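Fold and contact review
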Amino acid sequence: MHKIIYLLIVLPFISCNEVQDICRLPVSVNNKLSFSQMDSLFFKEYREQKKHIYIRYKQPVEGYTVTALCTMDGLDIIFSENNGISGKALLRFENDSTHFYVYNSSFSDSILYYGMEREVKDKEVIYIDYRPISDSDVCHCSTPFFFQDVNFDGKKELLINKWQTRPKGHSSFDVYVLQPDLKKLTEPPFDKYDHMTEIDTVNKTIKLYEGSRISGCAVSHTYQLHYKQVMIGCDYIENVPYFKPVKVQYWHDLGNDKYKEYVVDGDSLKLVKSIIEGE
């Protein structure tokens, strides 16, 4: 990953943030590249190119043409029994005015993973249909990325599917805001966004789940959108959004305490409901 991102950093017209997993080009002249030009860009700093393939989605997604470069050296790309593809990739999103890159350490989608019936060749370009999220796919685990407003700001964020990085073949997601600049959201609740995350657009809440089948317990943490006032410049007050933890719920199949519900009271948790076995 660091080698791929490094070669992008050295180019004068690209800027990358400190976590080195996103890069963006400023609005400029037409930046669309051919696949051979992309080869030159991605592997500029290598003495020789790494083996790689390109995945090009046939349909524009939210106005972007999307291409994924998957490297094939060592464990960078993994083939399942049916030659399905998953592994490390650099995704390029481009439209008529700009383009940017997002790194995914666990890239795939259902078409790539289950639908490939042959081996692929070095530098091969594979064109596939983009599979959008659907009501039947409640965990959004089958699509490689999608756009959705998950922080309630009225603008769609980009969610990158980290393929099968959760138990039982489920996914976690990296969340990026696109405006005014591309930025990965790393604060709670977005640092643990996964297939079980629940979004409530009415109450402006996000609920995260965690648990263990071995211990028989599960915990949920609910965050709600709030605003705090911050003084900006000379006597200008701005309302800054943030997500505040408001509730914790606890379930236990093996213990006597079957359910507990807490509300966040300052720096403490206040028990408001409890269900004990036998009561």
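In the block above lies the structure referred to throughout.
What about the overall build of the chain?
Looking only at helices and strands, one finds 3 helices and 18 strands in the chain. A total of 279 residues make up the chain; the buried ones form 44% of that total. Contacts in the chain between residues far apart in sequence, at least 24 positions, make up 44% of those at least 6 positions apart. Split by element, the accessible area of the chain, about 15,700 Å² in all, is 50% carbon and sulfur.

So, the packing of aromatic side chains
Applying the stated criterion across every chain, the model contains 15 aromatic pairs. An angle of 80° between the planes, with centres 5.6 Å apart, marks the rings of Tyr-64 and Phe-100 as edge-to-face. Here Tyr-64, found in the loop between strand 3 (52-57) and strand 4 (65-71), pairs with Phe-100, found in strand 7 (residues 99-107); they are 36 residues apart in sequence, far enough to count as distant. Here Tyr-64 falls in the buried class, since its relative accessible area comes to 10%. By relative accessible area, which is 0% here, Phe-100 ends up buried. Relative to Phe-147, the ring of Tyr-64 has its centre 5.9 Å away and its plane inclined at 5°; by these criteria the two rings are stacked. Linking Tyr-64 in the loop between strand 3 and strand 4 with Phe-147 in strand 9 (residues 145-148), this pair joins segments that are 83 residues apart in sequence. The cationic tip of Lys-228 hangs over the ring face of Tyr-242; the distance from NZ or CZ to the ring centre is 5.5 Å.

Structural notes on the sheet that holds strand 9
In spatial order, the strands read 9-10-11-12; together these 4 strands make up an open sheet with antiparallel pairing. Each edge of the sheet is formed by a strand with only one pairing partner; in this case those strands are strand 9 and strand 12 (183-184). When strand 10 (residues 157-166) meets strand 11 (residues 170-177), the two strands line up antiparallel, connected through 6 bridges. Note on strand 11: the bridge partner recorded for Asn-161 is Phe-173.

Description of the pairing of strand 3
Counting buried positions along strand 3 gives 6 out of 6 residues, so the element sits mostly inside the fold. Here strand 3 shows two buried faces, one formed by His-52, Tyr-54 and Arg-56 and the other by Ile-53, Ile-55 and Tyr-57. Note that strand 3 and strand 4 share 5 bridges and pair antiparallel. From the neighbouring strand, Ile-53 faces strand 4, where its bridge partner is Cys-70. The pairing of strand 3 with strand 8 (residues 125-128) spans 4 bridges and is parallel.

Comments concerning the pattern of salt bridges
All told, the structure shown has 5 salt bridges when counted by the stated rule. Residue Glu-94 pairs with Arg-92 through a salt bridge whose shortest N-O separation is 3.4 Å. Across the pair, Arg-92 and Glu-94 agree in class, each one buried. A salt bridge links Asp-174 to Lys-184, with the nearest nitrogen and oxygen atoms 3.7 Å apart. Of this pair, Asp-174 sits in strand 11 while Lys-184 sits in strand 12, and the two are 10 residues apart along the sequence. Connected through shared salt-bridge partners, Lys-162, Asp-174 and Lys-184 make up one network.

Some thoughts on unusual backbone geometry
With an omega of 0°, the peptide bond between Gln-179 and Pro-180 qualifies as cis. The linkage connecting Pro-188 with the following residue, Pro-189, adopts the cis geometry, with an omega of 10°. Mapping Pro-189 onto the fold places it in the loop between strand 12 and strand 13 (198-200). Of note in the backbone geometry, Glu-62 takes a positive phi value of approximately 55° without being a glycine. Residue placement: Glu-62 occurs in the loop between strand 3 and strand 4. Relative accessible area serves as the criterion here: at 46%, Glu-62 is assigned to the partly exposed category.

What counts and how
Counting starts from 1 at the beginning of each chain's written sequence and moves along it residue by residue. In keeping with the predicted nature of the model, local features appear solely for residues at pLDDT of at least 70, side-chain atom pairs appear and are counted solely at 80 or more, and the whole-chain, interface and lining totals rest on all residues. Where side-chain values are given, they derive from all heavy atoms of the structure, hydrogens and water being excluded. Numbering of helices and strands runs from the N terminus, with a helix taken as a DSSP run of H or I at least four residues long and a strand as a DSSP run of E at least two residues long. The buried label goes to any residue with under 20% of its type's maximum accessible area, the exposed label to any with over 50%, and the partly exposed label to all in between, with areas taken from a 1.4 Å probe on protein chains only. Contact definition: two residues touch when any of their heavy atoms are within 4.5 Å. Using a 1.4 Å probe, the Shrake-Rupley method yields the accessible areas, and only the shown protein chains count as cover for residues. Classification of ring pairs rests on two measures: the distance between centres of Phe, Tyr or Trp rings, Trp counted by its six-membered ring, which must be within 6.5 Å, and the angle between planes, read as stacked under 30 degrees, edge-to-face over 60 and tilted in between. Whether a charge sits over a ring comes down to the Lys NZ or Arg CZ being within 6 Å of the ring centre and within 35 degrees of the ring normal. Strands pair, by our definition, only if DSSP identifies at least two bridges between them. Salt bridges are counted wherever a side-chain nitrogen of Lys or Arg sits within 4 Å of a carboxyl oxygen of Asp or Glu.

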